[in-house]
Amino acid sequence: MEELGSVPWPPESIRTERLVLRAPEARDRAAFVDLLASPEVHAYLGGPRPRDELERDMPEVPQQRPGSFVVVLGGAMIGQILLRRNPGTARPAAVGKADLGYLFLPRAWGRGYATEACAAALGWLEGVLPGEPVVLTTQTANRGSLRLAAKLGFTEVEKFQAWGAEQWLGIRSSRTPSG
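Throughout this description, residue numbers start from 1 for each chain and increase along the sequence as written. With pLDDT at 70 or above as the cut-off, local features in this predicted model cover only qualifying residues; side-chain atom pairs require 80 or more to be listed or tallied, and sums for whole chains, interfaces and linings still use all residues. Processing note: side-chain calculations cover all non-hydrogen atoms of the structure and skip hydrogens and water entirely.

## Topic: the sheet that holds strand 4 (residues 76-85)
Phase 1 of the analysis: Strand pairing is assigned whenever DSSP detects at least two bridges linking the two strands. Counting from the N terminus, the helices are the DSSP runs of H or I reaching at least four residues and the strands are the DSSP runs of E reaching at least two. Across the sheet, eight strands lie side by side as 1-2-3-4-5-6-8-7; this open sheet has mixed pairing. Lying at the two open borders of the sheet, with one neighbouring strand each, are strand 1 (14-15) and strand 7 (155-162).
Phase 2 of the analysis: Sheet analysis places strand 7 next to strand 8 (residues 165-172), joined by seven bridges and oriented antiparallel. Within strand 8, the residue paired with Ala-162 across the bridge is Ala-165.
Phase 3 of the analysis: Residues are treated as being in contact if the distance between any of their heavy atoms lies within 4.5 Å. Axis definition: a line fitted to C-alpha atoms, over the contacting stretch in the case of helices. Angles run 0 to 180 degrees between N-to-C directions. Running at roughly 70° to strand 4, helix 1 (residues 29-37) makes contact with strand 3 (68-73), strand 4 and strand 5 (98-104) of the sheet.
Phase 4 of the analysis: Contacts from helix 4 (residues 143-151) reach strand 5, strand 6 (134-139) and strand 8 within the one sheet, and its direction differs from that of strand 6 by about 160°.

See below:
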């Protein structure tokens, strides 16, 4: 995974109306285990990882790398936003572009937190890498993710088969998302 280049990390916390986005800290470890072990969260991502494996292998400060934001509501982690580049992608439309990924605990679903947090992270990216196009990939069966992509201003580039399911690849040019 290629990082975001010379972007200073970690940034100042990003505050939205309801949320805080910040770099991961040691206090987030248990929430990361819950997130990565959740069958609901990983229904469209190949399934959860075993909790005992996560407990054993996860570092004290999980996901501590540029582009990894913890999403906090009322002092507790509810999700994660990832912005990164993946030069090894097989999709030509995605090569060299920033890639948006997100995971939220099921208790945070359906309240607009993902839209709010992703829009804030995209705004941060625009501030540090002006004009950077961003791609997003999700299974076409993941209707919630497709709705989020549309709210954030992603438009379909292609559909393709991978990991045993139809995937959707969208791109977002630098602009203000709706939502």
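## Notes on helix 4
Phase 1 of the analysis: Those residues of helix 4 that fall on the buried side of the exposure criterion are Ser-145, Leu-146, Leu-148 and Ala-149. One face of helix 4 carries all of its buried residues, which in axial projection span an arc of 160°. Facing away from the buried side of helix 4 by over 90 degrees, the exposed positions are Arg-143 and Arg-147.
Phase 2 of the analysis: Packed against the buried residues of helix 4 are strand 5, helix 3 (113-128), strand 6 and strand 8. Remark: exposure states derive from per-residue accessible area (1.4 Å probe, protein chains only) relative to the maximum for the residue type, with buried under 20%, exposed over 50%, and partly exposed in between. Within this analysis, the arc is defined by the directions that extend from the helix axis to the C-beta atoms.

## A closer look at helix 3
Every α-helical turn comprises 3.6 residues, leaving residues that sit three or four positions apart pointing alike.
Phase 1 of the analysis: Each helix should span, by expectation, one fewer than its residue count multiplied by 1.5 Å. The end-to-end C-alpha distance of helix 3 is 23 Å, a good match for the 22 Å that 16 residues give at a rise of 1.5 Å each.
Phase 2 of the analysis: What helix 3 keeps buried is the set Tyr-113, Thr-115, Glu-116, Ala-117, Cys-118, Ala-120, Ala-121, Leu-122, Trp-124 and Leu-125.

## What about the pairing of strand 8?
Phase 1 of the analysis: Summarising burial for strand 8: six of the eight residues are buried, a large majority.
Phase 2 of the analysis: Bridging between strand 6 and strand 8 involves six bridges; their strand directions are antiparallel. Paired with Leu-136 across the bridge in strand 8 is Gly-170.

## What to know about the pattern of salt bridges
Phase 1 of the analysis: A carboxyl oxygen of Asp or Glu within 4 Å of a side-chain nitrogen of Lys or Arg is what we treat as a salt bridge. This model, assessed by the stated rule, comprises eleven salt bridges.
Phase 2 of the analysis: Between Glu-25 and Arg-22 there is a salt bridge; the shortest N-O distance is 3.8 Å.
Phase 3 of the analysis: Its relative accessible area of 8% is what places Arg-22 among the buried residues.
Phase 4 of the analysis: Its salt-bridge partner being Arg-27, residue Glu-25 comes within 2.5 Å of it at the nearest N-O pair.
Phase 5 of the analysis: Beyond isolated ion pairs, a larger network of salt bridges with shared partners links Arg-22, Glu-25, Arg-27 and Asp-28.

Functional significance is not addressed by these values, which are geometric in nature.
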